[in-house]
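The primary structure of each chain is shown beneath.
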Amino acid sequence: MTTAPDHAADLHRRSVVADTHNDLLCAVTSRPVDQWASFFRERWLPQLVAGGVNIQVLPVFIDDGYRPEGALRRTLRMIEAAHRLAAQNADAVRLCLDGAEVDAALADGRIALVLALESAPGIGEDVELLETLYRLGVRIASLAHFGRTALADGSGEDAAGSRLTRAGVAALAEMERVGMMFDISHLGAAGVGHVLELATRPVIATHSSARALRDHHRNLTDDQVKATAANGGVVCVNFFAPFLHESDFTLDRLVDHIEHLANVAGVGHVGLGPDFVQEVIADTTPPCCAEPFVEGVRTDRYLPGLEGPAGLPLVTEALLRRGWADDDIARVLGGNVLRLFRDRLGRPAA
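Report on the accompanying structure.

Evaluated as defined, the whole model comprises 24 salt bridges. For Arg342, the salt bridge is made with Asp103, and the minimal N-O distance between the two is 2.9 Å. A residue pair is termed long-range when its members are at least 10 positions apart, and Arg342 in helix α13 (residues 326-344) and Asp103 in helix α5 (residues 99-107) qualify at 239 residues. Given the relative accessible area of 45%, Arg342 is considered partly exposed.

Evaluation of the coordinates by the stated rule reveals 2 aromatic pairs. Centroid distance Phe240 to Phe243: 4.9 Å. Interplanar angle 80°. Geometry classified as edge-to-face. The burial state of Phe240 is the same as that of Phe243; both residues are buried. The ring centre of Tyr134 lies 3.6 Å from the NZ or CZ of Arg139, which sits over that ring.

It is worth spelling out the pairing of strand β2 (residues 53-61) at this point. Most of β2 is tucked away, with 8 of its 9 residues classed as buried. Alignment of strand β1 (residues 17-19) against β2, held across 3 bridges, turns out to be parallel. The partner of Asp19 across the bridge, within β2, is Gln56. Pairing of β2 with strand β4 (residues 111-118) involves 7 bridges; the strand directions are parallel. Note on β4: the bridge partner recorded for Ile55 is Ala112.

Reading the values: the criteria
- Residues numbered from 1 in each chain as written.
- Predicted model: local features only at pLDDT ≥ 70, side-chain atom pairs only at ≥ 80, totals over all residues.
- Heavy atoms only, no water.
- Salt bridge = Lys/Arg side-chain N within 4 Å of Asp/Glu carboxyl O.
- Helix = DSSP H or I, 4+ residues; strand = E, 2+ residues; numbered from the N terminus.
- Buried < 20%, exposed > 50% of the residue type's maximum accessible area, 1.4 Å probe, protein only.
- Phe/Tyr/Trp six-rings, centres within 6.5 Å; stacked < 30°, edge-to-face > 60°.
- Lys NZ or Arg CZ within 6 Å of the ring centre and 35° of its normal.
- Pairing = 2+ DSSP bridges.

Listed below in structure tokens is the structure:
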């Protein structure tokens, strides 16, 4: 007879697991160029394999120190790092440009890597550069982080009540034209509403949790979640502990968010966007200068066992304990994201 742990392990192994936000490129590019591929293979690939990750979205995040003058150069450097680590680890990963390539990578037993921009500070108001970045392999993009850009306001600027700028509206249209998916995570509340008014294609929230359970501006309200589902998009839950609860940093609180989003959006519109930052912060920030707070929460609080990708099977176990059906768990683990990528990733507007 199959035991519960055996069933959980088997279900996790059989499911497509998609992580829509891991800043590992920040850690990779903190190393010398000739170590990019080997560092990924030695430090990150084993964790992805242990966690059963089949699809990994790689955001290009530009730290404040590079903005504005060095943002585009830093963006290009991180994109180059993604291409090099994929080329030099081609037995294990593939940088994918569309849904067909994602399927091909999965069929080969390789991890499908997908490039994303987080806030896109490198382009300023030059929206035409989105097509340039698309040619370089970028397939998902957001327009703001916590603060203000030339295109939109991040969630930290919610008090301003700002929608997309004219350039931001043009950016959304350009992304839909070339086939780049719009990411609403980090976007200010008015901006999310604006995008969902204008979008003619499904959007994705790569790493956002439920504001109904944790009232922080980084999370999405139920109305935003419903609108994303109605748009055909997917909301991927952020694992960052302070965005899940004020103090109870446990796996149960994460599952609360998954269940809430599934109840609001429907189980077909929920995924996982862990945002595993513990190792990235340790690798890129000198101990003397680590910032212990961001947007009013501590940056050194993590879910036990889910500090990195290797812990992802714990999510499957927890959902089974809550009584979830196997098929619904598989959809949240990655089936919904895979469906979205098959339908929309890299596909220009007709």
